[in-house]
Amino acid sequence: MVYVLTVAKNLIVSDKIGIIARSHGFDVITRTGSDAIAKAKLQQPALIVVDLQEGTDFLKELKANGITSLVVGFYPHVKTEIKKQAQNLGFPNIFPNSMMENALADFLGRLSH
C-alpha cells in the first residue's frame, strides 16, 4: 500500500491533510509520536506530513530511527525558530501553515506521477 503518514494531534489539520492526500490517490494513516515511528518502520510511507506546532522532537525521532521517507512539515508562521531547527536537522521541506494546502498538493502531485 502506498500511503501518506500524517503526524498531527489537531483533527482539523489531519483531516485537511487527508482530504488533499486522498484527492491525489493516496491512502492516509494518521498517528502520533511512537505509534507514527512504529508504523513508518513497519511500512515506509511515500510521504510523512508533520504538524510542527509543538516543535521538532518528532523529526529527531525520525532521524534516530533511520526513517528516510520524504517529510513535509508545517509550522505556525510566528514560530520561525521551528523552521530553522527543522532545517538544521536536515529537513528542508518546512512551510508555514498558510502554505500547507498548496505545498502539500505540489509534493503529492509530483509523487503521484
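Residues numbered from 1 in each chain as written. Predicted model: local features only at pLDDT ≥ 70, side-chain atom pairs only at ≥ 80, totals over all residues. Heavy atoms only, no water.

Focus: the nonpolar core
Considering soluble globular proteins, one finds that nonpolar side chains tend to be buried as a cluster.
Here's step 1: Formed by 20 residues in total, the largest nonpolar core has its most connected members in Leu5, Ile48, Val50, Leu52, Phe58, Leu59 and Leu62.
Here's step 2: Within the residue set of this core, elements represented by two or more residues are strand E1 (3-7), helix H2 (33-42), strand E3 (47-51), helix H3 (57-64), strand E4 (70-75) and helix H4 (80-88).
Here's step 3: The contact partners of Leu52, leaving out residues within four places of it in the chain, are Leu59, Gly73, Phe74, Tyr75, Pro76, Ile82, Ala86 and Ile94.
Here's step 4: Val4, Ile17, Ile20 and Ala103 belong to the second-largest nonpolar core, a separate cluster that totals 18 residues. (Core = buried A, V, L, I, M, F, W, Y, C linked by side-chain atoms within 4.5 Å. Buried < 20%, exposed > 50% of the residue type's maximum accessible area, 1.4 Å probe, protein only. Helix = DSSP H or I, 4+ residues; strand = E, 2+ residues; numbered from the N terminus. Contact = heavy atoms within 4.5 Å.)

Quick notes on the packing of aromatic side chains
Each aromatic ring pair is characterised by the separation of its centres together with the angle its planes make.
Here's step 1: On inspection of all chains with the given rule, the structure shows two aromatic pairs.
Here's step 2: Measuring from ring centre to ring centre gives 6.2 Å for Phe74 and Phe95, while their planes differ by 35°; the resulting arrangement is tilted. You can see Phe74 sitting in strand E4 and its partner Phe95 sitting in strand E5 (residues 94-96), a full 21 residues away along the chain. Neither residue differs from the other here; Phe74 and Phe95 are each classed as buried.
Here's step 3: Through a chain of ring-to-ring contacts, three or more aromatic side chains come together here, namely Phe74, Phe95 and Phe107. (Phe/Tyr/Trp six-rings, centres within 6.5 Å; stacked < 30°, edge-to-face > 60°.)

A word on the pairing of E3
Each regular strand displays side chains that alternate between the two surfaces of the sheet.
Here's step 1: Most of E3 is tucked away, with four of its five residues classed as buried.
Here's step 2: Bridge count between E1 and E3: four bridges; the pairing is parallel. Across the sheet, residue Val4 finds its bridge partner in E3, namely Leu47.
Here's step 3: Where E3 lies against E4, five bridges are found, and the strand directions are parallel. Across the sheet, Val50 pairs through a bridge with Gly73, a residue of E4.
Here's step 4: Each parallel crossover has a hand, and for E3 linked through H3 to E4 it is right-handed. (Pairing = 2+ DSSP bridges. Right-handed = clockwise from strand over helix to strand, strands pointing away.)

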